[in-house]
Amino acid sequence: MLARSFKEKAIKTGFLLCASASIIALGLIMYFLVNEALPTFTGFNAMGEKFSGIGITDFIFGSQWKPVSETPQWGILPLIMGSVWVTLISSIIAIPLGIMTAVYLAEIAPNKVREIVKPMVELLASLPSVVIGFFGLAVVAPLMLEVFDIRFGVNMLNASIMLAFMAVPTITSIAEDSIHSVPAELREGSLALGATRFETIWRVVLPASLSGLSTAVILGMSRSIGETMVVLMVAGGAARIPDSIFDPVRPMPASIAAEMGETSFGLEMHYFSLFAIAMVLFLITFLFNLLADHIAHKYKQVGSASL
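What you are looking at is a predicted structure, and each value in this text was computed from that prediction instead of being measured.

1. A word on a nonpolar patch on the surface
Here comes step 1: A grouping of Leu 26, Met 30, Phe 286, Leu 287 and Leu 290 is seen on the molecular surface, where their side chains present a nonpolar patch of about 420 Å² in accessible area.
Here comes step 2: Secondary structure elements with two or more residues in the nonpolar patch: helix H1 (2-37) and helix H13 (269-298).
Here comes step 3: Element by element, the count of residues in the nonpolar patch is highest for H13, at three residues.
Here comes step 4: Within the secondary structure, Phe 286 is located in helix H13.
Here comes step 5: Residue classification places Phe 286 among the partly exposed positions, given a relative accessible area of 32%.

Structure representation (structure tokens):
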């Protein structure tokens, strides 16, 4: 009896330590980002040395990002707009693909087809982002130049398409699990009342799985906004507000990855401003995850009688 009680306490302690480690890691990451980003606005580095800082409003809403020019400008609005537009366009492509694929796999596809299609979809998630970026650079970019007769093959649309293919496995996997969790009696009741299979899916299954579908969409979008290598390779690298989907852009992750190696560690405004960008990106993805968690709890389906 004592041995069993000891084992249960040991297991509980192990789970508590794992959960605590995750929380502590998140806290340390947040502390590190804030500590390295604050000098951007205060004008003092860790050694107390004074340099030219910038206001939060000017930093967020400034329209020029020129950190290495003779007169540096630190506005990250073009970087934010690049991230927003790339994420939005990729979501427009990925959400219908992911949701429809999940519906097909969960409700329509025969078992033999599901066993083939599902691993192929999930294989996209295992592809390194640099491979997808190289595909966009070597295949999609020349194709765009030929089809649309544009100046730049590496642009916002190219990056959005590549990010969409990266987000589809996330959306499909979570959405399919949500659809599978809908009680079978809801489907059977709908069919018994004379609804067709399509009407059952559209009016019963999808509303009942709204919580999981919303979570899938938001997590897919957060995957797109935080991706680095793809946008670094195929977004074009131009830090300006785009006027067209064919314009080159520079999302926030690409700026951090491209410019961090050009800075002096802990000594200059450029270094601290990149951490400020990272903090903004962290807050955006954190809000995405909070929104996903809120929607998952708000529309959670509990039992077959709560619909």
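2. Re the pattern of salt bridges
Here comes step 1: With the rule as written, the count across this model stands at three salt bridges.
Here comes step 2: The partner of Lys 118 in a salt bridge is Glu 176, with the nearest N and O atoms 3.2 Å apart. You can see Lys 118 sitting in helix H5 (residues 111-126) and its partner Glu 176 sitting in helix H7 (residues 156-180), a full 58 residues away along the chain.
Here comes step 3: Judged by its relative accessible area of 1%, Glu 176 is buried.
Here comes step 4: Between Glu 259 and Arg 250 there is a salt bridge, with its nearest N and O atoms 2.9 Å apart.
Here comes step 5: Classification of Arg 250 by relative accessible area gives buried; the value is 18%.

3. Let's talk about the UniProt feature "transmembrane region" (unreviewed entry) in the chain
Here comes step 1: Per the UniProt record, "transmembrane region" (unreviewed entry) is annotated on residues 14-34, 76-103, 123-145, 157-179, 200-221 and 269-291.
Here comes step 2: End C-alpha atoms of residues 269-291 are separated by 33 Å, and the span's content is 100% helix alongside 0% strand.

4. A word on the packing of helix H4 (residues 77-108) against H5
Here comes step 1: Closest axis-to-axis distance for the H4/H5 pair is 10 Å, and the angle between their directions is 150°. Relative to H5, the element H4 lies roughly antiparallel. As H4 runs across H5, the sense of the crossing is left-handed. When H4 is examined against H5, the residues Thr 101, Tyr 104, Leu 105 and Ala 106 are found in contact with a partner set consisting of Val 113, Arg 114, Val 117, Lys 118 and Val 121.

5. Quick notes on the packing of aromatic side chains
Here comes step 1: Considering all chains together, one arrives at seven aromatic pairs under this definition.
Here comes step 2: For the pair Phe 41 and Phe 59, a centre-to-centre distance of 5.5 Å together with 85° between the ring planes defines the contact as edge-to-face. Note that Phe 41 is positioned in helix H2 (residues 39-42) and Phe 59 in helix H3 (residues 56-61), a separation of 18 residues in sequence.
Here comes step 3: With a relative accessible area of 23%, Phe 41 lands in the partly exposed category.
Here comes step 4: For the pair Phe 148 and Phe 246, a centre-to-centre distance of 4.9 Å together with 45° between the ring planes defines the contact as tilted.

6. Description of the nonpolar core
Here comes step 1: Membership of the largest hydrophobic core comes to 51 residues, with the highest contact counts inside it found for Phe 59, Trp 65, Ile 76, Ile 99, Ile 179, Met 252 and Ile 277.
Here comes step 2: Ranked by residues supplied to this core, first place goes to H13 with 15 residues.
Here comes step 3: In contact with Met 252, not counting residues within four places along its chain, are Leu 79, Ile 80, Ser 83, Ile 277, Val 280, Leu 281 and Ile 284.
Here comes step 4: Among the nonpolar cores identified, the runner-up in size contains 18 residues, and Met 144, Ile 150, Met 166 and Val 230 belong to it.

Cut-off values and rules
Residues numbered from 1 in each chain as written. Predicted model: local features only at pLDDT ≥ 70, side-chain atom pairs only at ≥ 80, totals over all residues. Heavy atoms only, no water. Patch = residues over 30% accessible without salt bridge, like charges linked within 9 Å, V, L, I, M, F, W, Y side chains within 5 Å. Areas by Shrake-Rupley, 256 points an atom, 1.4 Å probe, with all protein chains shown as cover. Salt bridge = Lys/Arg side-chain N within 4 Å of Asp/Glu carboxyl O. Helix = DSSP H or I, 4+ residues; strand = E, 2+ residues; numbered from the N terminus. Buried < 20%, exposed > 50% of the residue type's maximum accessible area, 1.4 Å probe, protein only. UniProt positions renumbered as here; feature names shortened; annotations may be inferred. Axes fitted to C-alpha atoms, helices over the stretch in contact; angles between N-to-C directions. Parallel < 35°, antiparallel > 145°, perpendicular 65-115°, else oblique. Left-handed = near helix turned anticlockwise from the far one by under 90°. Contact = heavy atoms within 4.5 Å. Phe/Tyr/Trp six-rings, centres within 6.5 Å; stacked < 30°, edge-to-face > 60°. Core = buried A, V, L, I, M, F, W, Y, C linked by side-chain atoms within 4.5 Å.

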